[in-house]
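Secondary and tertiary structure notes
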Amino acid sequence: MVFAAPNDALARAEGVLDADPSPLHASVAHQVIGIWQRDWGDMRIALYHLRRARDLAARAESADREADVLAALGVALVHAGRTQQGLAALERGVERGSGHTRARVLFRRAYARWVLGQHREALEDVRRAIPVLRQMDDVIWTARALTLRATVHLALGAVDRADADFTAAEALWDTTGQEHDKADAVESRGLAAFRSGDVPAALRLLDEAEERYAKLGTPTFMLNIRRCEVLMAAGLAPEALAEADAAIGVLDGIGGQSTRKAELLLAAARAARLAGDAHTAIARADMAVRLFAGQRRSWWETHARLVLIEARVAAGRSSGRLVADTAAVAERLASFGAPAAPEASLLAGRMALALGWRADAERHLRDAARSRRSGPPLARMTGWAAQALRARAAGSGRGVLEACRRGLDVLDAHRMTLGASELRARATAQGAELAALAQQASLESGSPRRLLVWSERWRATALSTPPTRPPADPELQSALTAFREIAARAEEARSEDRPILTLEREQRRLEREIRSRTLHLRGDAPGDGYRFDAGRLLERLGEDGVRLVELAVLDGRVQVLLCGQGRVRRFEAGLLADAETEAEHVQAGLRRLAHPGAEGRLAVVEAAGRCLEKLLLGPAAAQLGDGPVVIVPPARLHRVPWALLPSLRERVLSVSPSASSWLRARETEAPAGGRQVLVRGPGLATGGAEVPHLAGRYGGAVVLEHADARVPRVLEELDGAALAHIAAHGTFRADSPLFSSLRMADGPIVVHDFERLDRSPYRIILSCCDTARFASVGADELLGLVTALLPLGTAGVVACTAPVNDAAVVPLMLALHKGLSEGLSLAEALRDARAALPGDALHQATGWAFSAFGAA
């Protein structure tokens with residue numbers, strides 16, 4: 001019962017002991033309590049009960065009973081970090097047991113050896129156990145053995161063999177009532193899905209397993225470890241670190257398994273390194289190494305040593321000794337058959353190159369490059385990164401570009417299996433090194449056009465296709481509705497100074513549920529095979545008389561690629577770090593100017609704009625001609641108010657996440673019918689004063705305000721509209737950008753809502769603060785309200801990158817729509833609207849804060 005209904009089994013066992021049982025029955029009861037405490041409670045209590053069970057079995061003079069208890073005790077001792085004692089108990093159990101019992105003991109010794117990382121020995125034990133268990137028609141233990149064998153195969157990288165065993169085990173579990181084992185099987189299938197590269201399926205299965213465990217009331221430390229691994233692969237390292245640390249806290253609180261604590265520390269170390277927290281990674285990895293060493297778990301200790309080395313390198317440490325240590329780790333991992341061996345070889349090769357040790361670097365990189373032909377996507381990318389470094393060391397620019405192309409193709413295919421835009425964006429971080437190597441090789445080749453192509457190759461790729469939409473997910477819809485209601489109640493309570501702690505807790509729970517369901521979505525298309533064509537871009541720019549300025553960053557310096565008049569020219573500008581600092585100063589100045597009485601700051605802000613121009617455009621500023629300009633900035637410069645720069649101030653100016661996005665927007669056709677939708681949300685200082693005026697300008701426009709401005713109705717009217725104007729408070733969520741929102745009558749409308757539209761409005765104007773703020777994630781990706789609209793059919797957006805004065809927005813919006821009604825584009829109308837504003841600091845700052853995105 002202990003793996004079918006754990007808590008019921010515990011109560012029954014305690015009842016047996018209260019009834020003065022025989023030694024045989026008392027041995028069984030103590031063993032059940034020991035197993036329960038071993039897996040879900042205090043290890044000290046577990047060891048006490050299992051030793052009592054062993055002694056009582058000896059008194060009962062039952063060799064098979066004694067062998068069975070010795071197996072459970074041996075596993076507990078291994079989990080407690082007493083490896084030699086545990087293996088000795090298991091060996092004694094094998095000797096004492098016979099037939100059926102001996103096969104069960106062999107299974108548990110195989111499990112202990114898997115925990116210790118002794119994978120080949122584990123396979124041998126389980127290979128000996130399975131035929132006997134099948135012969136005895138022992139369905140439960142056969143299913144357990146198949147599940148274990150599959151898990152060991154996964155550790156060795158044999159995904160196909162693991163799939164076969166998992167399938168066979170699942171068929172057996174369906175005939176039993178072993179609920180805990182069934183949950184474990186679902187969890188294991190999640191791990192298999194991850195190993196085969198299917199992150200959405202892995203997350204879905206792990207969440208399903210967690211729900212099953214929750215019904216049984218048992219902790220889920222192994223599940224926590226596996227989910228951390230999947231979250232890290234999905235680019236969600238901070239969340240993985242939080243999950244690992246929380247699980248360590250729970251484990252320490254109950255005095256749980258030492259083995260699981262070491263594995264959680266290793267997961268936390270990996271997550272901290274990927275999250276950029278090298279010092280936390282070093283601390284966690286060092287503790288994991290010490291625990292694994294004390295537990296005599298060489299396989300695990302070697303993996304922890306690799307993470308410790310990676311963290312030290314990330315902290316800026318590098319030496320010949322570290323190269324030698326990394327090479328030794330790589331060799332040891334290879335001897336274990338561990339899939340992480342190429343990662344260690346790549347690190348050793350990278351460090352050897354930095355030290356100028358060409359021969360050593362070539363040897364290590366050659367070993368790492370072998371993984372490029374097979375295995376899961378991230379292992380193949382490791383191989384292609386090694387191959388690119390080999391080519392670079394050999395002076396072959398062509399070889400570098402070919403390896404980078406092949407590696408990024410692998411990652412492209414992997415990204416397209418992800419349905420959620422967030423996962424697609426975050427996954428690009430795994431290609432950052434390849435993209436940087438290709439850009440550097442392109443720069444060294446002296447070809448600006450080639451540098452443009454590679455700058456585009458890995459820029460804003462998450463926007464290249466729309467996120468996958470659930471066809472009809474009532475649970476997601478229900479969660480979004482509940483989230484909206486709770487958020488509205490929290491906002492009301494906040495305005496009335498009432499307690500909101502409970503409401504905020506429920507809102508966070510609903511956010512987790514919504515996000516979890518969207519991360520489960522699998523990509524429904526292999527991608528359109530689109531490749532950026534520089535010739536096509538130049539042709540389109542020539543037709544429109546437009547100059548496109550793409551900013552690439554190499555070695556921390558801004559490279560300006562000026563496209564137009566049939567050619568691409570390169571100019572070198574300032575340091576990215578200096579530009580980011582200056583952009584923050586500008587943002588602070590615009591915030592001040594949004595309030596009356598700050599006119600004295602205007603000259604300071606304008607001076608900062610001149611400084612930004614030198615840092616971002618350099619000599620290219622004098623080469624822009626007099627026509628329209630499109631700016632394509634890197635993600636880290638998304639908050640620059642480009643209209644403030646002197647050379648751009650009087651121009652028709654638009655911003656795009658990539659040249660490819662601009663091309664797509666330029667070629668997007670407006671929907672037939674030309675419906676206009678005007679939305680006015682609650683709580684605006686001006687009451688959305690421009691909306692009644694616009695309703696008069698656009699006869700027949702759909703006007704949604706007061707009780708009509710509810711999210712379901714707003715989404716219904718926005719779908720497929722030609723023009724939408726939304727006057728509503730915007731809230732940007734840096735912690736969770738896809739919950740950035742616009743406030744409607746019934747609560748917030750969030751990015752997840754917009755992603756359910758069949759087609760977002762062709763043009764959309766967002767007239768309030770914080771609507772054009774983004775989170776920079778992945779290699780060069782942006783998550784936020786505007787970027788959610790662009791892949792869904794929106795060709796142009798006007799939105800705000802800084803806080804603005806609500807009253808000053810009204811004349812700007814009226815002038816903007818006047819230009820649109822005269823047939824101008826968004827960028828043209830915004831340029832003319834700025835010029836029509838009063839010349840005071842308040843109105844000037846308001847005009848600079850708005851940008852036109854896209855090409856409509």
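Residues numbered from 1 in each chain as written. Predicted model: local features only at pLDDT ≥ 70, side-chain atom pairs only at ≥ 80, totals over all residues. Heavy atoms only, no water.

**Here's the deal with unusual backbone geometry**
Positive phi is not limited to glycine here, since Asp137 has a value of about 55°. Tracing the sequence through the fold places Asp137 in the loop between helix 7 (119-135) and helix 8 (139-155). For Asp137, a relative accessible area of 62% translates into the label exposed. Located in the positive-phi region is Arg296, a residue other than glycine, with phi close to 60°. (Helix = DSSP H or I, 4+ residues; strand = E, 2+ residues; numbered from the N terminus. Buried < 20%, exposed > 50% of the residue type's maximum accessible area, 1.4 Å probe, protein only.)

**A look at helix 5 (residues 83-96)**
Think of an α-helix as 3.6 residues a turn; residues three or four steps apart then line up on the same face. Between its first and last C-alpha atoms helix 5 spans 20 Å; for 14 residues at 1.5 Å apiece the expected length is 20 Å, and the two agree. For helix 5, the set of buried residues is Thr83, Gly86, Ala89, Leu90, Gly93 and Val94. For helix 5, the buried positions fall inside an angular range of 140° around the axis, keeping them on one side. Exposed residues on helix 5 whose side chains face more than 90 degrees from its buried face are Gln84 and Glu95. Buried residues in helix 5 make contact with helix 4 (63-79) and helix 6 (99-116). (Expected span 1.5 Å × (residues − 1). Arc of directions from axis to C-beta. Contact = heavy atoms within 4.5 Å.)

**Concerning the layout of surface pockets**
Quantified by volume, the second largest pocket comes out at close to 1200 Å³. Around the second largest pocket, the lining is made up of 48 residues, and of these Phe3, Arg38, Asp39, Arg144 and Asp181 lie nearest the centre. Listed by contribution, the elements that provide at least two residues to the lining of the second largest pocket are helix 1 (6-17), helix 2 (23-40), helix 4, helix 6, helix 8, helix 10 (179-195) and helix 12 (221-233). Among the elements that take part in the lining of the second largest pocket, helix 2 stands out by supplying 9 residues, more than any other. Residue classes in the lining of the second largest pocket are distributed as 25 nonpolar, 10 polar and 13 charged. (1 Å grid on protein atoms, 1.4 Å probe; cavity = no way out; pocket = protein on both sides within 12 Å on 5 of 7 lines; lining within 4 Å. Points joined across faces, edges and corners; volume = space filled by probe spheres on them. Nonpolar A, V, L, I, M, F, W, Y, C, P; charged D, E, K, R; others polar.)

**Some remarks on the packing of aromatic side chains**
The geometry of two aromatic rings is summed up by the distance between their centres and the angle between their planes. Scanning all chains against the criterion turns up 6 aromatic pairs. Look at Phe107 and Trp141: their rings are 5.6 Å apart centre to centre, the planes differ by 90°, and that puts the pair in the edge-to-face class. Of this pair, Phe107 sits in helix 6 while Trp141 sits in helix 8; the two residues are 34 residues apart in sequence, bridging distant segments of the chain. For the pair formed by Phe107 and Trp141, the shared burial category is buried. With a centroid separation of 5.6 Å and 20° between ring planes, the pair formed by Phe292 and Trp300 is classed as stacked. Note on accessibility: Phe292 and Trp300 belong to one class, buried. Clustering of aromatic rings is evident, with ring pairs tying together Phe3, Trp36 and Trp40. (Phe/Tyr/Trp six-rings, centres within 6.5 Å; stacked < 30°, edge-to-face > 60°.)

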